[in-house]
Amino acid sequence: MKFSDITHETYAALSANKVRSGLTILGIVIGISSVIAMVSIGTGASNTISSSIESLGSNLIQITPGAQQMRGFGASSGRGGAKTLTNEDAQAIAEQVADVEAVDSQVSSRYQITAKGTNTNTSVTGVTANYSQIRNVEVAEGSFISDTQNNSASKVAVLGPTTRDDLFGEGTNAIGQAIRINGLEFKIIGVTVAKGGTGFQNQDDIIYIPVRSAQRYLSGDQYLTTIAVQATTPEVMTQVQADIILLLLDRHKISDAALADFSVLNQNDILSTASSVTSTLTYLLAAIGGISLLVGGIGIMNMMLTTVTERTREIGLRKAIGAKKSDIRAQFLAEAVALTVIGGVVGIALGWLISFAVNLTGLVTTSVSLSSVLLAFGVSAITGIVFGYYPARRAAELNPIEALRYE
Amino acid sequence: MIEIKDITKTYGSGDTAFQALKGISFTIKDGEFIAIMGPSGSGKSTLMHILGCLDTLTTGTYFLDGKDVSTLTDEELAEIRRLHVGFVFQSFNLLPRTTVMRNVMLPLIYAGVSDEERDERSRKVLSAAGMTESHFSHLSNQLSGGQIQRVAIARALVNDPSHFVKPFIFDNVNNSTAKFLRGDLALNRPSRILVILCQSIIPARCRCNRF
C-alpha cells in the first residue's frame, strides 16, 4: 500500500466523522499547547530571575563577615562579631589574589536622611570608585564617587532614583543640593540609572557615599560590611573564591576553615541555586502539561477503538480482497498519527499564542524555545503511535470471516 | 485448477465442536463454471471461505494451481486472495461514503498497482460490468441495488492478470445476476473458474458446467 493511498484513506476516514475527529484533536491541542505555554512561562521566569541576578554585576564574589561566634570563654560580641573585614583585607585581596579584576570595599547601614524639610530612611552604602564597574551601576546625571573623593573622605553622595524622588520629588535636578545623613551634610554629585528591584530589595532606593567617609563620619571604625570582588572571567571564579578564602584565613589566623569569621558568596552559586529552583518549577509546569497530553492520548485511543469496532465489516472486506495485516495496521496507525500531528501543529500555534499573550501582560517575559516545540511535536507523534498501536493491532488481528459477519 | 481432498472443517473444540465439512473431495478444471447447491447450514459458505483462502481447513489438502494452500500462513493467504481470488459477497460490502471508482480500485491499491493503471483497469472493468461512466464518481450509498451488484462484481474482476486462473466465488446469486454473469463475464477469459453458491436450481440454468 503506497503512502499516497494511506493518506487518502486517512483523510476519508477522519473527514467521515468530523465532529468526533475534531474533539479528539482538541484533546491533543490542549495537551500540546499547555506543554509549550507552561514550559515557555517556566523558562521565561527562569530567565527573568537569572538576568536580575546578573544585573547585580558580572563574575561577582561577595565576602561578608560571618556570624561566627567565639569559642570557649570569649564574650560573644554580637553585632561586633561581624566586624572582621578591614580595609587591609580588601587591599590584600586586590594585591595578592590572581585573576581579580576589581575590588570594592563597602560599609552599609540604614540612616534617617533629611533634606530641606523632607526625610526618608534608607540604606547608605560606603563604596569605592570600583563599585560602579563591579555592580553595573550607571550614572544618569552628574558623576559617580571618584578615588580622590574616597581617599580624602569627601562628604559627597550619589542617590538612587527612588531616593531622589522621595527626597526632592520626581524628575527634579538634585545635583548640587545637600542632604543630611546622621546630622552631617553631604553634597549630591550624581543620580544613578534605575535598575529595578531584585526581589528582596530595591536597588534604586539607596545612597552611595565614599567608603572612607562612611567609616570616618558614620560607623566610626575601620571595618567593612562587604568586600565585592570581580573576577576576570567566569571560569576563574571558583579558583578566585578558593584563593580569597585561603588568604583571609591566613590573615585572620584561623586554621580551621569551618571556623572562618567570614563567608564568601559566589554569584554562580546564587545563580545555580536560583536556576535549580526555576528548573524544578519548569518541570512541574511541564508535568501538568504532560498530564493533559496523556489525557488527550487516551482520548485518541478511545476514538480509535470505537472506530475499529464500527468499521469491523470494512476491515473484513479489506482483508478478504487481499489486504495484509500490515496494510490494516498502517491504515489505523496513520489515522491516529494524523490526529496527533494535526493536534500537535495546532497545539504548537496555540501554545505560542498563549505564551505571547502572557508576554503582553508584562508579568513574565516568556520564551518559546525551538527545543520545546520539537519536543512537543515529537511527543505528539509518539503519543499517536503509542495510543494508536493497540487499536490498529486489534483491527489487523481481526478474523476476516468473523469481521464480515459482524453486525 | 482446484483440487481438494478429504477436507474437513471443525469450528470450536471439545464439547462445543461443530464439524461443518466432513471429508469433501473434488476437482475443478480451468474454465469451469460451478454451482454449489445445498440447503441452509449445509456448509456452502464454509466451503466457499476455504476455496477463497479466507479460512483455513482443519484436515485435508487444497491445491490451487498445483500449489498447496492448506499450509500457508495468514500473510501468504492474503497474497493469494489479492492475486488469484475475486469475491462478491452476499451483502456486497461496498465501502460506505466512497466513490464507485475507489471501491473498484481497492484490490489494486493493496496490490501496489500504479495510479494510471489502476484508473484504466477500473474504468474498463466497470464498463464491462455495465456501469455508465457518469456513475463512476457516485458514492456507494447513492447506488441502486442492481448497481451495487455490478460494482461488487467489477471489484472482484478488476484484479485480473490474464495468465492466472481465477476462481470467482459468488455468494447467493439471484436470477438477474446469474443472467448477467452468463452474458457478460463468464466467458471473457476461458481459463477462469467460476463458483457460485445457491439454494435453488434457478441460477444453475445459466450454462454451468456442473452442479
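Under an unreviewed UniProt entry, chain B has the name ABC transporter domain-containing protein and belongs to Candidatus Kaiserbacteria bacterium GW2011_GWC2_52_8b.

Chain A is annotated in an unreviewed UniProt entry as ABC transporter, permease protein of Candidatus Kaiserbacteria bacterium GW2011_GWA2_52_12. Quoted straight from UniProt, the Sequence similarities (unreviewed entry) entry for chain A says "Belongs to the ABC-4 integral membrane protein family."

(A) Helix α4 (residues 115-128) of chain B, seen in detail. All names here are of chain B. For α4, spanning 14 residues, the distance from its first C-alpha to its last is 20 Å, which sits close to the expected 20 Å at 1.5 Å a residue. All of the buried residues along α4 are R118, S122, V125 and L126. In a view along the axis of α4, the buried residues occupy a sector of 100°, so they form one face of it. Away from its buried face by more than 90 degrees, α4 exposes E116, E117 and E120. On its buried face, α4 is in contact with α3 (100-111) and α5 (145-157). Phi for G130, located one or two positions after α4, is positive at around 90°.

(B) Inspection of the confidence of the model for chain A at higher detail. When the pLDDT values of chain A are averaged, the result is 83; 94% of them are 70 or greater. pLDDT under 50 marks residues 74-81 of chain A. Its contacts with residues more than four places away, or in other chains, come to six contacts.

(C) Geometry of the interface of chain B and chain A. In this complex, chain B contributes 20 residues to the contact, which on the side of chain A involves 19 residues. Elements supplying a minimum of two residues to the side of chain B that touches chain A: α2 (74-84) and α3 of chain B. For the side of chain B that touches chain A, the class distribution of residues is 10 nonpolar, four polar and six charged.

(D) Looking closely at the sheet that holds strand β1 (residues 2-11) of chain B. All names here are of chain B. Spatially, the four strands line up as an open sheet ordered β2-β1-β4-β5, and their pairing is antiparallel. Lying at the two open borders of the sheet, with one neighbouring strand each, are β2 (18-28) and β5 (67-68). Note that strand β4 (residues 59-64) and β5 share two bridges and pair antiparallel. Following the sheet pairing, F63 is matched in β5 by D68.

(E) Local environment of the environment of B:D68. Residue and element names in this part refer to chain B. With respect to the element layout, D68 can be found in strand β5. Through-space distance from the C-alpha of D68 to that of E3 is 9.4 Å; in sequence the pair is 65 residues apart. Beyond its immediate chain neighbours, meaning those up to four positions away, D68 contacts T61 and F63.

(F) How the structure looks around the UniProt feature "transmembrane region" (unreviewed entry) in chain A. All names here are of chain A. Here the UniProt-annotated "transmembrane region" (unreviewed entry) positions come out as residues 21-42, 281-305, 332-358 and 370-390. For residues 21-42, helix accounts for 100% and strand for 0%, while the C-alpha atoms at its two ends are 32 Å apart. Annotation note: span residues 332-358, helix share 100%, strand share 0%, distance between end C-alpha atoms 38 Å.

(G) Up close: the nonpolar core. Residues A:I32, A:V35, A:I36, A:F332, A:A336, B:V104 and B:A154 are the most contacted members of the largest nonpolar core, which totals 88 residues. It is helix α2 (residues 18-54) of chain A that contributes the most residues to this core, 11 residues altogether. Sequence-distant contacts of A:I32, defined by excluding residues within four places in its chain, comprise A:L293, A:G343, A:G344, A:G347, A:I348, A:G351, A:A376 and A:S380.

Rules used throughout
Residues numbered from 1 in each chain as written. Chains lettered and ligands numbered in written order. Predicted model: local features only at pLDDT ≥ 70, side-chain atom pairs only at ≥ 80, totals over all residues. UniProt positions renumbered as here; feature names shortened; annotations may be inferred. Helix = DSSP H or I, 4+ residues; strand = E, 2+ residues; numbered from the N terminus. Expected span 1.5 Å × (residues − 1). Buried ≥ 20, exposed ≤ 12 C-beta atoms within 10 Å, placed from the backbone. Arc of directions from axis to C-beta. Contact = placed C-beta atoms within 7 Å. pLDDT = per-residue confidence, 0-100. Nonpolar A, V, L, I, M, F, W, Y, C, P; charged D, E, K, R; others polar. Pairing = 2+ DSSP bridges. Core = buried A, V, L, I, M, F, W, Y, C linked by C-beta atoms within 7 Å.

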